[in-house]
Amino acid sequence: GAVVSQHPSRVICKSGTSVKIECRSLDFQATTMFWYRQFPKQSLMLMATSNEGSKATYEQGVEKDKFLINHASLTLSTLTVTSAHPEDSSFYICSARGTSGFTDTQYFGPGTRLTVL
Amino acid sequence: RKEVEQDPGPFNVPEGATVAFNCTYSNSASQSFFWYRQDCRKEPKLLMSVYSSGNEDGRFTAQLNRASQYISLLIRDSKLSDSATYLCVTTGGGNKLTFGTGTQLKVEL
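So, here's what we can say about the structure. Since the model is a prediction, treat every value here as computed from it, not as a measurement.

How each quantity is defined
Residues numbered from 1 in each chain as written. Chains lettered and ligands numbered in written order. Predicted model: local features only at pLDDT ≥ 70, side-chain atom pairs only at ≥ 80, totals over all residues. Heavy atoms only, no water. Helix = DSSP H or I, 4+ residues; strand = E, 2+ residues; numbered from the N terminus. Rg over C-alpha atoms; globule rule 2.2 N^0.38 Å. Buried < 20%, exposed > 50% of the residue type's maximum accessible area, 1.4 Å probe, protein only. Contact = heavy atoms within 4.5 Å. Areas by Shrake-Rupley, 256 points an atom, 1.4 Å probe, with all protein chains shown as cover. Lys, Arg positive; Asp, Glu negative; His and termini not counted. Charge placed at Lys NZ, Arg CZ, Asp CG, Glu CD. Buried area = accessible area lost by both parts, 1.4 Å probe. Salt bridge = Lys/Arg side-chain N within 4 Å of Asp/Glu carboxyl O. Nonpolar A, V, L, I, M, F, W, Y, C, P; charged D, E, K, R; others polar. Pairing = 2+ DSSP bridges. Axes fitted to C-alpha atoms, helices over the stretch in contact; angles between N-to-C directions.

1. With respect to the overall build of chain B
Counting its secondary structure elements, chain B contains 0 helices and 11 strands. Order of helices (α) and strands (β) in chain B, N terminus to C terminus: β-β-β-β-β-β-β-β-β-β-β. Relative to the 2.2 N^0.38 estimate, which gives 13 Å for 109 residues, the radius of gyration of chain B is 13 Å and therefore close to what a compact globule would have. Over its C-alpha atoms, taken along the principal directions, chain B stretches across nearly 40 × 30 × 20 Å. Looking at chain B residue by residue over its 109 residues, the buried ones come to 44%. Across chain B, the fraction of contacts at a sequence separation of at least 24, relative to all contacts at a separation of at least 6, is 56%. Entry remark: accessible area of chain B is about 5400 Å², with carbon and sulfur atoms responsible for 46%. Distance between charge centroids for chain B: 5 Å, based on 12 positive and 11 negative side chains.

So, in structure tokens, the structure goes:
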């Protein structure tokens with residue numbers, strides 16, 4: 001099956017720093033990638049939809065200037081949490097939707113656990 | 001009201017038992033339906049899609065009732081390895097997935 005990787009898997013940082021998370025589709029081309037956030041005991045919440053070569057579409061309530069998304073190629077999307085604060089501590093998960101052969105399913109990365117001190 | 005509602009559980013069942021989870025969704029325009037499984041501190045993994053006619057995959061059976069906006073998952077002969085959180089997921093336009101908060105299952109010896 002399709003594989004999506006995320007890096008790093010875990011990050012601990014000080015308040016005010018920026019953190020970049022990478023999401024890669026390893027064996028297929030992903031025209032669309034999605035970024036989710038999951039707080040403890042809550043459901044995954046979609047943050048934004050990232051399309052290759054165009055600006056991301058953010059969900060209501062998600063600050064686009066705080067959560068910068070870049071989808072520069074068909075296999076890589078990055079999420080940068082700028083000036084992270086403790087309330088940004090969460091489990092960030094990306095998913096990728098492919099081109100032909102993979103269009104009906106989103107494949108999830110293993111997630112990045114962010115802890116902001 | 002949440003778009004996708006599930007009983008959070010936990011459901012504690014003995015090994016070998018049959019257990020059923022239910023889910024309701026509020027968006028009548030939802031087009032596709034899935035059950036995902038999420039293990040503790042891991043990403044969700046697709047368990048099965050849910051079709052209007054109902055579908056079965058081994059010990060797992062999924063049902064969809066569009067009129068009642070209701071989805072179910074039946075697990076027969078529960079295994080210890082089935083212990084996880086089961087997420088009910090729908091999609092609307094744009095292939096956006098909407099997740100329920102999940103139902104926790106604990107299968108015990």
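2. Brief notes about the interface of chain A and chain B
Chain A puts 19 residues into the contact, and the matching count from chain B is 16 residues. Across the chain A to chain B interface the summed buried area is about 1400 Å²; carbon plus sulfur atoms make up 54%. Summed over the shared surface of chain A and chain B, the number is 1 salt bridge. Put simply, A:E59 and B:K96 hold a salt bridge, and the shortest N to O gap is 2.9 Å. Where the side of chain A that touches chain B is concerned, the elements lending two or more residues are β4 (30-38), β5 (45-51), β9 (90-98) and β10 (106-108) of chain A. Here the residues of the side of chain A that touches chain B sort into 8 nonpolar, 6 polar and 5 charged.

3. Description of the sheet that holds strand β7 (residues 67-73) of chain A
Residue and element names in this part refer to chain A. Reading across from one edge, β1-β3-β8-β7 is the order of the 4 strands in this open sheet, with antiparallel pairing throughout. The sheet terminates laterally at β1 (4-7) and β7, the two strands that pair on one side only. For this sheet the average axis-to-axis angle between neighbouring strands, irrespective of direction, equals 15 degrees.

4. Remarks on the sheet that holds strand β1 (residues 4-6) of chain B
Residues and elements named next belong to chain B. One open sheet holds the 5 strands; their spatial order is β1-β3-β8-β7-β6, and the pairing between them is antiparallel. Two strands bound the open sheet, and with one partner strand each, they are β1 and β6 (55-57). Averaged over all neighbouring strand pairs, the angle between strand axes comes to 20 degrees, with direction disregarded.

5. Focus: the pattern of salt bridges
Scanning the model with the defined rule gives 7 salt bridges over all chains in all. Between A:R24 and A:E22 there is a salt bridge whose closest N-O contact spans 3.4 Å. Taking the relative accessible area as the measure of exposure, A:R24 reaches 33% and is therefore partly exposed. Of the charged contacts, one joins B:E56 and B:R76 as a salt bridge, the two residues approaching to 3.6 Å between their closest N and O atoms. Residue B:E56 is found in strand β6, and its partner B:R76 is found in the loop between β8 (70-75) and β9 (84-91); the two are separated by 20 residues along the sequence. Note on B:E56: relative accessible area 59%, which makes it exposed. When its relative accessible area of 27% is taken as the criterion, B:R76 is described as partly exposed.

6. Here we look at unusual backbone geometry
Of note, the amide linkage connecting A:H7 to A:P8 takes the cis form, showing an omega dihedral of 0 degrees. Topologically, A:P8 is positioned in the loop between β1 and β2 (10-13). Positive phi is not limited to glycine here, since B:Q69 has a value of about 55 degrees. With phi around 50 degrees, B:D77 is a residue other than glycine that occupies positive phi space. Of note, B:D77 is situated in the loop between β8 and β9.

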